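Listed below are the residues making up each chain.
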Amino acid sequence: MSLIENIIARAKSNKQRIVLPESLEERTITAADQALADDLADIILIGNPDEILALADKLGLKNISKATIIDPATSEKTEEYAQLLFQLRQKKGMTIEKARVQVLDPLYFGCLIIKSGDADGQISGALSTTGDTLRPALQIIKCAPGISCVSGAMLLITQTPQYGSR
């Protein structure tokens, strides 16, 4: 079994709820469409539903309607998540007013969905820097007890031999 086949089998056997905060990035929404088609994960897209669906239509994507689309600007959970962010960060100077603004950032909103138990993980970094991606995760989700170091990874699989061997 190849690495990709192994990853797919593991994803199917333990289906997770995955947040994609960069839902208007073409590679991200295309990957989401494929994951939905293959039933690999329950996908949560963050952003304006009209914009997301328009991009999916433009790209000819057929499975995006299976995703949950949440707009932080109109979500019924936005205030709840703002209160949670305020509670988590008030000792660091967060005010409820700042939290209500910060929660509108898709990277923060996604981490708050996870912290609340409404999702299992988040994938980002196609548009955002590593720092911008990790900052809300470290502030909201935090490291597991006993873990003090975080890292990121990227997996690139290619059939082009000049970029590596198989």
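These figures come from a predicted structure and were not determined experimentally.

Reading the values: the criteria
- Residues numbered from 1 in each chain as written.
- Predicted model: local features only at pLDDT ≥ 70, side-chain atom pairs only at ≥ 80, totals over all residues.
- Heavy atoms only, no water.
- Helix = DSSP H or I, 4+ residues; strand = E, 2+ residues; numbered from the N terminus.
- Rg over C-alpha atoms; globule rule 2.2 N^0.38 Å.
- Buried < 20%, exposed > 50% of the residue type's maximum accessible area, 1.4 Å probe, protein only.
- Contact = heavy atoms within 4.5 Å.
- Areas by Shrake-Rupley, 256 points an atom, 1.4 Å probe, with all protein chains shown as cover.
- Lys, Arg positive; Asp, Glu negative; His and termini not counted.
- Charge placed at Lys NZ, Arg CZ, Asp CG, Glu CD.
- Pairing = 2+ DSSP bridges.
- Right-handed = clockwise from strand over helix to strand, strands pointing away.
- Salt bridge = Lys/Arg side-chain N within 4 Å of Asp/Glu carboxyl O.
- Axes fitted to C-alpha atoms, helices over the stretch in contact; angles between N-to-C directions.
- Phe/Tyr/Trp six-rings, centres within 6.5 Å; stacked < 30°, edge-to-face > 60°.
- Expected span 1.5 Å × (residues − 1).
- Arc of directions from axis to C-beta.

**Some thoughts on the overall build of the protein**
- From N to C terminus, the protein includes seven helices and four strands.
- Counting from the amino terminus, helix and strand elements in the protein follow one another as α-β-α-β-α-β-α-α-α-β-α.
- Taken against the 2.2 N^0.38 rule, which gives 15 Å for 166 residues, the C-alpha radius of gyration of the protein at 17 Å falls within 12% of a compact globule.
- Viewed in the frame of its principal axes, the protein has a C-alpha envelope of about 50 × 40 × 30 Å.
- Taking all 166 residues of the protein together, 34% fall into the buried category.
- A separation threshold of at least 6 residues defines the contact pool for the protein, and within that pool the share at least 24 residues apart is 67%.
- Carbon together with sulfur atoms contributes 53% to the accessible area of the protein, which is approximately 10400 Å² in total.
- Separation between the mean location of the 18 positive side-chain charges and that of the 20 negative ones in the protein comes to 8 Å.

**Overview of the pairing of strand β2 (residues 41-46)**
- Counted residue by residue, β2 has five buried out of six residues, so it is predominantly covered.
- As defined by bridge partners, strand β1 (residues 16-20) adjoins β2 across five bridges and the pair is classed as parallel. Across the sheet, residue Arg17 finds its bridge partner in β2, namely Asp42.
- With helix α2 (residues 26-37) bridging β1 and its parallel neighbour β2, the resulting β-α-β unit is right-handed.
- In this structure, β2 lies alongside strand β3 (residues 68-70), joined through three bridges in parallel fashion. Paired with Ile46 across the bridge in β3 is Ile70.
- Following the chain from β2 across helix α3 (residues 49-58) to the adjacent parallel β3, one finds a crossover that is right-handed.

**A look at the side chain of Arg89**
- Relative to the helices and strands, Arg89 is located in helix α4 (residues 78-89).
- Here Arg89 occupies a buried position and makes no salt bridge, while the nearest side chain of opposite charge, Asp105, is found at 13 Å.

**So, the sheet that holds β2**
- Reading across the sheet, the four strands line up as β3-β2-β1-β4 and stay open at both edges, with parallel pairing between neighbours. Whereas interior strands pair on both sides, the edge strands pair on one side only; in this sheet they are β3 and β4 (121-122).
- Together, β1 and β2 form the strand contacts of α2, whose direction differs from that of β2 by roughly 150°.

**Here's the deal with the packing of aromatic side chains**
- What the rule picks out here adds up to one aromatic pair.
- Aromatic side chains Tyr81 and Phe109 sit 5.1 Å apart centroid to centroid with 75° between the ring planes, which places their arrangement in the edge-to-face category. Note that Tyr81 is positioned in helix α4 and Phe109 in helix α6 (residues 106-115), a separation of 28 residues in sequence.
- On the basis of relative accessibility, which here comes to 3%, the residue Tyr81 falls in the buried class.

**Here's the deal with α2**
- With twelve residues, α2 should reach 16 Å at 1.5 Å per residue; the first-to-last C-alpha distance of 16 Å fits that figure.
- Residues Thr28, Ile29, Ala32, Asp33, Ala35 and Leu36 constitute the buried set of α2. For α2, the arc enclosing every buried residue in end-on projection is 165°, short of the 170-degree limit, so these residues lie on one face.
- Tucked inside the fold, the buried residues of α2 contact β1, β2 and α3.
- Positioned one or two residues after α2, Asp39 has a phi angle of 55°, which is positive.

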